[in-house]
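Summary of the model geometry
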Amino acid sequence: MKLSANTPCPCGSGMKYKKCCAKYHKGVLAPDALILMKSRYSAYATGNADYIIKTTHPDNNDYTEDRKNWKTSILEFSKHTDFLGLKIIEFIDGETEAYVTFTALLSSGELKEKSRFLKEEDQWLYVNGEFKL
């Protein structure tokens, strides 16, 4: 789904998409893991599979060199899911490792996860997540 630049950002910041996550989707590096997590949520909401792939650590279970099928899988998920909101529960910041616990409100239900991020070569990457009940 393409968003108008003046649409509220899906991450829930209250800012316009163009002033929020769009800049990260266009190549600006997220300054911390929290911003990366929120921009990844927005990328799923907007169907930006390339950003999801680019910000996923090679140690992630979904990481694959088969970019075509990986991208198709992300796009299918995005296409068939409504992204209804994002609630940050906890952010544990570190210099090279950080954690974000959140609840994503999706058309399929709530997804609660504690995500782990690593910073490598000045870029934060999503490594994995632990689902919460």
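Residues numbered from 1 in each chain as written. Predicted model: local features only at pLDDT ≥ 70, side-chain atom pairs only at ≥ 80, totals over all residues. Heavy atoms only, no water.

1. What to know about the side chain of S39
Quick reminder of the rule: Helix and strand assignments follow DSSP, with helices taken as H or I runs no shorter than four residues and strands as E runs no shorter than two, numbered in order from the N terminus. When checking whether two residues touch, look at their non-hydrogen atoms; a contact exists if any pair is within 4.5 Å.
Here S39 lies in helix 2 (residues 33–46). With residues up to four places along the chain from it excluded, the contact list for S39 reads C21, Y24, H25 and Y51.

2. A closer look at the nonpolar core
So the rule is basically this: Buried residues of nine kinds, namely Ala, Val, Leu, Ile, Met, Phe, Trp, Tyr and Cys, make up a nonpolar core once their side-chain atoms join them within 4.5 Å. Burial status follows relative accessibility: with a 1.4 Å probe on protein chains alone, a residue under 20% of its type maximum counts as buried, one over 50% as exposed, and anything between as partly exposed.
Grouped together as the largest cluster of nonpolar side chains are 25 residues, with contacts concentrated most on V100 and F117. Of all the secondary structure elements, the ones that give two or more residues to this core are helix 2, helix 3 (49–54), helix 4 (67–79), strand 1 (83–92), strand 2 (97–106) and strand 4 (123–131). No other element matches helix 2, which puts seven residues into this core. Sequence-distant contacts of F117, that is, excluding residues within four places in its chain, are made with A33, L36, M37, T96, E97, A98, V100, W124, L125, Y126 and V127. Grouped together as the second largest cluster of nonpolar side chains are seven residues, L3, C11, Y17 and C20 included.

3. With respect to unusual backbone geometry
One non-glycine residue, E121, lies in positive phi territory at about 50°. With respect to the helices and strands, the residue E121 is situated in the loop between strand 3 (109–120) and strand 4.

4. What about helix 4?
An α-helix turns once per 3.6 residues; consequently, residues spaced three or four apart project the same way. For clarity, the cut-off: Each residue after the first adds 1.5 Å to the expected span of a helix. Picture the helix axis, draw a direction to every C-beta atom, and the arc is the one those directions span.
Spanning 13 residues, helix 4 covers 18 Å between terminal C-alpha atoms, matching the ideal 18 Å at 1.5 Å per step. By the burial criterion, the buried members of helix 4 are W70, I74 and S78. End-on view of helix 4: buried residues confined to an arc of 70°, all on one side of the axis. Residues K68, N69 and K79 are exposed on helix 4 and point more than 90 degrees away from its buried face.

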